[in-house]
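# Notes for the structure review
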Amino acid sequence: MRPGLAPCAAALLLALLDFLALRLAWRAWRPPGGSALGLAWGIGLLRWALLSLSACAAGRCAGIPAWLRGALLPAAALLGLLVPCYATLQLLLLPRGGALELAHGGGRTDVLALSYLIVGVVAPLWGHLVPQKRGEEVKKPMASLGRLLSSLRPEALPFVGIIGFLVVSSLGEMAIPYYTGRVTDWISSTHKSSAFHQALWMMSWFTIGSAVTEFLSDLLYNTTMNRFHAHLQSSIFRSILHQEIGFFHANRIGDITSRVSSDTDAMSEALTGDLSLLMWYLIRVTFLYGMMLWLSVPLALFITVLLPFILLVPKLTGRFHQTLAQEVQRSLAKANEVAVETFQAITTVRSFANEDGAARQYEEKLQETYKLNKWEAVAYAISMWTSNLSSLALKVGILFYGGRLVTLGHVTSGQLVTFVLYEMEFSTAVQVLLSLYPNVRKAVGSSEKVFEYIDRTPKIQSTGTLAPENLRGHVVVKDVSFSYPDRDNSLVLKGVSLELCPGKVTALVGPSGSGKSTLVALLQRFYEPQQGQVLLDGEELGEYEHHFLHRKVALVSQNPVLFARPLRSNIAYGLEKENEKVTKEEMDRKVVEVAQRVGADKFITNMSNSYDTDAGEMGGQISGGQRQGIAIARALIRDPKVLILDDATSALDTESQQQVEKEIYEGAARSERAVLLISHRLHSVERANLILVMEDGEIKERGTHPELMEKGGAYWQLLQKQQNGNNGSNHSPANAGNSLL
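What counts, and at which threshold
- Residues numbered from 1 in each chain as written.
- Predicted model: local features only at pLDDT ≥ 70, side-chain atom pairs only at ≥ 80, totals over all residues.
- Heavy atoms only, no water.
- Salt bridge = Lys/Arg side-chain N within 4 Å of Asp/Glu carboxyl O.
- Helix = DSSP H or I, 4+ residues; strand = E, 2+ residues; numbered from the N terminus.
- Buried < 20%, exposed > 50% of the residue type's maximum accessible area, 1.4 Å probe, protein only.
- Pairing = 2+ DSSP bridges.
- Axes fitted to C-alpha atoms, helices over the stretch in contact; angles between N-to-C directions.
- Contact = heavy atoms within 4.5 Å.
- Right-handed = clockwise from strand over helix to strand, strands pointing away.
- Phe/Tyr/Trp six-rings, centres within 6.5 Å; stacked < 30°, edge-to-face > 60°.

Right, let's get into the pattern of salt bridges. Enumeration according to the criterion identifies 10 salt bridges in this entry. Put simply, Arg 284 and Glu 425 hold a salt bridge, and the shortest N to O gap is 3.0 Å. Of this pair, Arg 284 sits in helix H10 (residues 253-295) while Glu 425 is found in helix H14 (residues 413-455), placing the two residues 141 residues apart along the sequence. On the basis of relative accessibility, which here comes to 25%, the residue Glu 425 falls in the partly exposed class. Residue Arg 568 pairs with Asp 588 through a salt bridge whose shortest N-O separation is 3.5 Å. Residue Arg 568 is located in helix H17 (residues 567-571), and its partner Asp 588 is located in helix H18 (residues 584-597); the two are separated by 20 residues in the primary sequence.

Rendered as structure tokens:
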């Protein structure tokens, strides 16, 4: 047997067994009239349970389409409960409508055939319009939806008001069809014109009330969602800012920015527009269906049975049209590829005199597109025809069945008119809901990564509380080993130990890749060591309060980043909140004073706007040496107890470097500041109290300049290479030292 035929054979066998079992059950128990409904429910529930077990077993079989697998359980529920639900509803609303007769006929051939016909229509609709996924794919959207709804919890009170306004507005809209039907009855009866005028006034007042409440609902909703969007975007930005530095290295900046802007915008846009319409039409559908049930239960159930089929046919034909439209686009893309290729190689085409051949090739591609266009036009016409025909068939069916009910006296002509108007609005509302649902799911999908970033716990958390008033600035690195997570666990630092003492300058030199910048990152607590400790005044760096630590431990890198703001603000960056009690004039004096100490005041005052000159994006409006001068001033204005200079003077001219070095060495002794100086101009480290030579992640040598020169080891070799490079080439000292990075 073919694989595709096995599920069909199993389905037919299951239907036959269901039919035989139901027939036997009703023949075995022939209840009196009063207990027929109870027996119908008992058999229906048992049937539902057995069919559900069979559906679960069938869902595990291979060869069943995904849409059918998702529709098996709903189909089992519908088969089991359709007859008892319909009979109960009819008994409650139309006691004389033959409900008990239907309950007695639960095992009749025609009732069973009609039940399976209804399920045969609803199951494909469920499978195509509500696609189901399995495994963990189901959990993700549900989790995201729950997370999305929980984030809206602070706006619960406004949403209560929004739903209240929507309910009032929907009720107001129900009045127009209702009074239209009443007017139809009054015209055919002997009612006076005063009743007709009263109906017009009532419709007018209800219409005005509905419009006003809808306006208030939209206003409150948009205000609420705008506030939610601003809060959400602020939350994700704040969460990302608190992530560890490794997070920004592992994720591309473009991806992170996309989460902050594009994803939140897409999610908020869908929620602002589509969720509002979804709520509005969902409430309308509820009231419209309730009014249809109130007017005529048989007509309402007639709509319930036929509407899925009416909606499914245009969807299936429309899918064929969409497939052809995609083929047309692909064919047109191939034609465009020929055009682009020809234009790019126009010299080759001209040199071989193949203009006609290229034109022929392009025309052949266009002919293929033209053929597909004709089929697409036919598919579009069929899609529109089936859509209009199905809608027309539904209206004709309502009028035919409703006319019979009017003839039998079950409904009035006015009620039939009202019902038709409600049905038209109901069908439109259902179509809108089905079109909006994918957009809301898309918003849920966009929220997954957003909330993943918001909920992400940083691997390095700033939970410390230490902020001593008298920090000495004594740094001890004890046997530290470290490897980056994305570098196959190869050690960058191997048992490094060093000490930075207050009032002393410690220099660190070494070739490229030796681990100097990695050590700086650990001292700034951008990363944490796998082994060993980094202590500040005897305490782990993580024990200190985040803002306090980075105010007392300042870093200036080789390529410092400035912000697109005045130079004055760049120097005082990050101190605005900490110095709220300091007046603007006092802060400006501190900025000028520290700029003078490092020699930056000279070039700043020569600029057109002096300290108010904008640095430009990433500091692009000023030179590299000027950026370094501003960055050194930015570090010193904090009066740090530990200053780390990672080749921070490489772009300075000789005069500026001498002034900075004077501030480094004299300022360290004057302020009892511990300084770690990394430089590739080795003559700038000669005055250091201690020089450390690092190679391959280890400290190879340590001592003063005279001591290391006397040893003639790694430090002496670095110095010789630099001197030979300067003498043997036209490179500047800064460029010659690049080999030492």
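Ordered by their spatial adjacency, 6 strands build an open sheet running S6-S7-S8-S3-S9-S10, and the pairing between neighbours is mixed. Where the open sheet ends on each side, the last strands, each with one partner, are strand S6 (553-556) and strand S10 (698-703). In this sheet, adjacent strand axes meet at a mean angle of 20° when their direction is disregarded. The sheet contact formed by strand S7 (residues 642-646) and strand S8 (residues 674-678) spans 5 bridges and is parallel. Across the sheet, the residue bridging to Ile 644 is Leu 676, located in S8. The strands touched by helix H15 (residues 516-523) within the sheet are strand S3 (505-509), S6, S7, S8 and strand S9 (690-695), with S7 carrying the most contacts at an inclination of about 150°. Packed onto the sheet, helix H21 (residues 654-671) meets S3, S7 and S8 and runs at close to 155° relative to S8.

Here we take up the environment of Pro 154. In this structure, Pro 154 sits in the loop between helix H6 (136-151) and helix H7 (156-187). For Pro 154, a relative accessible area of 65% gives the class exposed. Put simply, Pro 154 and Phe 228 are 74 residues apart on the chain and 8.9 Å apart in space, counted from C-alpha to C-alpha.

As a further point, take the pairing of S8. Taking burial as the measure, the 5 residues of S8 include 5 buried ones, the bulk of the element. Going residue by residue along S8, you find Ala 674, Leu 676 and Ile 678 tucked away on one face and Val 675 and Leu 677 tucked away on the opposite face as well. As judged from the 4 bridges shared by S3 and S8, these two strands associate in the parallel manner. Bridge pairing in S8 places Leu 508 opposite Ile 678. Between the parallel elements S7 and S8, the chain passes through H21 in a crossover that is right-handed.

Moving on: the sheet that holds strand S2 (residues 493-500). Taken together, the 4 strands give an open sheet; going across it, the order is S2-S1-S4-S5, and neighbouring strands pair in antiparallel fashion. Both outer strands of the open sheet, S2 and strand S5 (539-540), are each paired with one neighbouring strand and no more. Two strands pair when backbone bridges link them, and strand S1 (residues 475-482) and S2 are joined in this way by 5 bridges, in the antiparallel orientation. Considered in S2, the bridge of Val 477 is made with Leu 498. Against the sheet, H15 contacts S1, S2 and strand S4 (531-536), and its axis sits at roughly 120° relative to S1.

For Asp 479, which is not glycine, the phi torsion reads 45° and is therefore positive. Mapped onto the secondary structure, Asp 479 falls in strand S1. Positioned with a positive phi, Asp 537 is a non-glycine residue whose angle comes to about 55°. Following the sequence through the fold, Asp 537 ends up in the loop between S4 and S5.

Before going further, it helps to examine the packing of aromatic side chains. Applying the stated criterion across every chain yields a total of 7 aromatic pairs. Plain terms: the ring middles of Tyr 289 and Phe 426 are 5.7 Å apart, the flat faces sit at 35° to each other, and that makes the pair tilted. One end of the pair, Tyr 289, is in helix H10; the other, Phe 426, is in helix H14, with 137 residues separating them in the sequence. Overall, Phe 426 belongs to the buried group, its relative accessible area being 8%. Taken together, a centroid distance of 4.5 Å and an interplanar angle of 20° make the contact between Phe 563 and Tyr 573 stacked. Here Phe 563, found in the loop between S6 and H17, pairs with Tyr 573, found in the loop between H17 and H18; they are 10 residues apart in sequence, far enough to count as distant. Exposure remark for Phe 563: the relative accessible area of 29% places this residue in the partly exposed category. Clustering of aromatic rings is evident, with ring pairs tying together Phe 482, Tyr 484 and Tyr 527.

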